[in-house]
Amino acid sequence: MFDPMDNLLTVSVSAPGKVILHGEHSVVYGKTAIATSLGLRSSIVIKEVATLEEPTVHIQLPCVSLLETLPLRAIVEHLFHPTLIHGVTGKFSWRLPEMLDHETHLKKVEVFLHQIRPDFDGLQNNQKNSLRSFLYVFSGIFGSTNLPVKSMMISMGSELTIGAGTGSSASFAVCLAGALIQLLKLKGSSNYDPFSATSGDDFTSKEREIISEWAYNCEKIMHGSPSGIDNATCTFGALVEFKKGTRPRPVSVRLGMRILLVDSRVSRETRALVVKVAALRQRNMAAVDHIMDACDDIAKTATQVLEKLSSDKVISDPEADYQHLAELWELNHCLLAALGVSHPSLEAIRAQARARGLACKLTGAGGGGYAMVLIPPSTPRSVVDSLSSSLLENGFRVVETTLGAPGVRVDM
Ligand SMILES: Nc1ncnc2c1ncn2[C@@H]1O[C@H](COP(=O)(O)OP(=O)(O)O)[C@@H](O)[C@H]1O
Ligand SMILES: C[C@@](O)(CCOP(=O)(O)O)CC(=O)O
């Protein structure tokens with residue numbers, strides 16, 4: 001099982017974060033939502049290392065201030081060979097993560113973590129979730145193969161703010177599953193040449209589906225019952241359409257739209273905002289339902305405009321398309337404000353964008369969190385710079401980035 005010396009592999013994988021473009025809140029009521037990948041990414045490097053001592057997995061997660069050395073032999077003994085969902089016979093394969101007995105495997109991970117780290121309960125929640133997810137995916141993927149495992153060093157970083165609604169948890173999980181699958185692929189291939197493993201060796205669409213499913217399982221560890229839109233967006237990139245009770249649908253568009261992502265620095269709790277909207281709806285059912293329908297229409301129209309904008313076939317007028325998108329952003333924001341989920345800080349950001357003729361909407365739950373300012377290609381650099389400086393002077397955090405960045409990819 002352990003193979004300390006021969007061919008030592010290194011893999012490096014990255015995945016984007018996400019923002020909700022349209023459909024926040026209305027998605028809770030069965031309406032269409034669309035999310036898009038962000039130009040800000042998480043990344044992971046896994047390096048197999050030679051050791052003559054006890055094999056270990058050394059994991060560095062600076063974003064959650066965690067540095068761990070895990071005993072590989074014990075991981076193999078306690079967590080490998082995960083079982084299939086109840087009632088299905090046969091052997092679990094990493095290719096079908098939805099067939100894994102999730103609860104049983106997670107429970108084993110939990111017991112194991114308490115055994116090797118008696119102070120596990122004392123860790124911060126984000127550290128616990130990262131460790132649980134790592135062991136879950138690592139043993140789920142490698143534990144269903146007969147490939148030898150070696151000591152390894154794993155380090156992960158992220159340009160995303162953790163816990164701010166930009167999909168850092170999904171991006172983290174997608175990177176993890178992607179890198180482990182890439183490692184497995186290289187190990188399994190007998191004619192592997194470490195020098196030819198360039199960024200050209202990217203994931204196939206089947207592999208992406210598997211990565212997204214593993215990340216979905218991690219999202220269940222972190223969030224209980226996730227919608228699946230985050231893991232799909234971080235895996236496939238571009239645009240993902242979603243309706244409650246259906247599988248997220250990747251929409252193949254080339255976006256590359258520039259935005260300013262503005263952190264209002266006001267913390268918010270998604271659950272509380274969802275409850276607030278539900279209470280408003282309870283008192284004003286028909287009016288609120290009309291707003292939800294309007295949001296649904298905006299999400300669908302925006303998808304059509306984005307498809308048109310990125311199509312080679314349809315003759316399009318990009319300037320007019322951007323203007324249409326700007327109009328949809330404004331409409332959507334004002335409808336969300338009508339639902340009571342804006343915030344004075346978000347309105348202050350919008351006022352500064354509007355003063356320069358730029359559209360701005362909140363993204364995600366609202367009540368604080370992030371706003372996005374759309375920057376059409378024709379916008380003079382001086383306008384973007386003046387807006388950024390003015391927002392910074394007012395105490396907001398600003399990052400200029402793109403929407404529709406590539407999904408998970410092999411960087412090395
Ligand atoms: N780079 C990272 N390294 C380690 N853990 C990460 C990283 N990014 C995200 N996580 C995990 O994801 C969790 C954040 O999930 P969540 O609160 O839903 O934030 P977000 O809205 O950004 O997805 C963190 O608590 C942590 O466990
Ligand atoms: C408000 C809502 O529609 C989106 C919340 O987005 P976020 O937590 O800000 O990423 C809630 C949900 O869809 O579960």
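Computed from a predicted model, the values in this text were never measured in an experiment.

Below, the discussion takes up the overall build of the chain. Looking only at helices and strands, the chain has 11 helices and 12 strands in total. A globule of 412 residues ought to have a C-alpha radius of gyration of about 22 Å, and the chain, at 22 Å, matches this closely. Summarising its shape, the C-alpha atoms of the chain cover approximately 65 × 50 × 40 Å along the three principal directions. Expressed as a percentage of the 412 residues in the chain, the buried residues total 45%.

Close to ligand 1 lie 19 residues; Cys63, Asn126, Gly163, Ser168 and Ser169 are nearest. Listed by contribution, the elements that provide at least two residues to the shell around ligand 1 are helix H3 (125-142), strand E5 (152-158) and helix H4 (168-188).

This brings us to the pairing of E5. In E5, alternate side chains face the same way, and those of Met152, Ile154, Met156 and Ser158 are buried while those of Met153, Ser155 and Gly157 on the opposite face are not. Pairing of strand E2 (residues 33-48) with E5, which is carried by seven bridges, proceeds in the antiparallel orientation. When the bridges of E5 are listed, Val45 appears paired with Ser155.

What follows covers the domain arrangement of the chain. Split into domains, the chain comes out as domain 1 (10-251) and domain 2 (257-403). A C-alpha centroid distance of 30 Å is found between domain 1 and domain 2. Counting residues at the interface gives 25 residues for domain 1, matched by 26 residues for domain 2. In terms of residue count, E2 provides more of the side of domain 1 that touches domain 2 than any other element does, six residues in total. Looking at the side of domain 1 that touches domain 2, its residues break down into 12 nonpolar, 10 polar and three charged.

A few words on the site of ligand 2. Taken together, Ile20, Glu24, His25, Val27, Val28, Gly165, Ser227, Thr270, Val274, Gly364, Ala365 and Gly369 form the complete shell of residues around ligand 2. Of the residues contributing to the shell around ligand 2, the split by class is five nonpolar, six polar and one charged. Each of domain 1 (10-251) and domain 2 (257-403) gives at least three residues to the shell around ligand 2.

What follows deals with unusual backbone geometry. Note: most peptide bonds trans; most residues except glycine with negative phi. Despite not being glycine, Ala238 shows a phi value in the positive range, around 55 degrees. Locating Ala238 in the fold gives a position in the loop between helix H6 (229-236) and strand E6 (239-242). Judged by the 22 C-beta atoms lying within 10 Å of it, Ala238 falls in the buried class. Backbone geometry at Arg265 places phi at a positive 65 degrees, although glycine is not the residue there.

This part covers the UniProt feature "domain: GHMP kinase C-terminal" (unreviewed entry) in the chain. In the numbering adopted here, UniProt assigns the feature "domain: GHMP kinase C-terminal" (unreviewed entry) to residues 321-389. Along residues 321-389 one finds 55% helix and 14% strand; the C-alpha atoms at either end are 28 Å apart.

It is worth spelling out the packing of helix H5 (residues 205-223) against H6 at this point. Relative to each other, H5 and H6 sit at 145 degrees, their axes nearing to 9 Å. Considering only the axes of H5 and H6, their crossing is right-handed. Note on element contacts: H6 touches H5 through Asp230, Asn231, Ala232, Cys234, Thr235 and Phe236, opposite Arg208, Ile211, Ser212, Ala215, Tyr216 and Glu219.

Attention now goes to the pairing of strand E10 (residues 370-375). Counting buried residues in E10 gives six out of six residues, a clear majority hidden from the surface. Side chains of E10 alternate between two faces, with Tyr370, Met372 and Leu374 and Ala371, Val373 and Ile375 buried alike. When strand E8 (residues 257-263) meets E10, the two strands line up antiparallel, connected through six bridges. Of the residues in E10, the one forming a bridge with Asp263 is Tyr370. Bridging between strand E9 (residues 360-363) and E10 involves four bridges; their strand directions are antiparallel. Counted as the bridge partner of Cys360 is Val373 from E10. Taking the residues between adjacent antiparallel strands as the criterion, E9 and E10 are bridged by six residues, where Gly364 takes a positive phi near 90 degrees.

Val373 and Leu374 are the most contacted members of the largest nonpolar core, which has 60 residues in total. Looking at which element gives the most residues to this core, the answer is helix H8 (residues 285-310), with nine residues. Both domain 1 (10-251) and domain 2 (257-403) contribute no fewer than three residues apiece to this core. Apart from residues no more than four positions distant in its own chain, Leu374 is found in contact with Met257, Ile259, Leu325, Ala326, Trp329, Leu358 and Ala359. Membership of the second largest hydrophobic core comes to 51 residues, among which are Val57, Trp94, Leu183 and Phe203.

Along the chain, Leu72 turns up in helix H1 (residues 72-79). On the basis of neighbour count, Leu72 is assigned to the buried category, with 21 C-beta atoms found within 10 Å. Ignoring any residue separated from it by four or fewer positions in sequence, one finds Leu72 in contact with Pro55, Thr56, Val57, Val149 and Ser151.

Scoring rules and cut-offs
Residues numbered from 1 in each chain as written. Chains lettered and ligands numbered in written order. Predicted model: local features only at pLDDT ≥ 70, side-chain atom pairs only at ≥ 80, totals over all residues. Helix = DSSP H or I, 4+ residues; strand = E, 2+ residues; numbered from the N terminus. Rg over C-alpha atoms; globule rule 2.2 N^0.38 Å. Buried ≥ 20, exposed ≤ 12 C-beta atoms within 10 Å, placed from the backbone. Near = placed C-beta within 6 Å. Pairing = 2+ DSSP bridges. Domains from an automatic or database assignment. Contact = placed C-beta atoms within 7 Å. Nonpolar A, V, L, I, M, F, W, Y, C, P; charged D, E, K, R; others polar. UniProt positions renumbered as here; feature names shortened; annotations may be inferred. Axes fitted to C-alpha atoms, helices over the stretch in contact; angles between N-to-C directions. Left-handed = near helix turned anticlockwise from the far one by under 90°. Core = buried A, V, L, I, M, F, W, Y, C linked by C-beta atoms within 7 Å.

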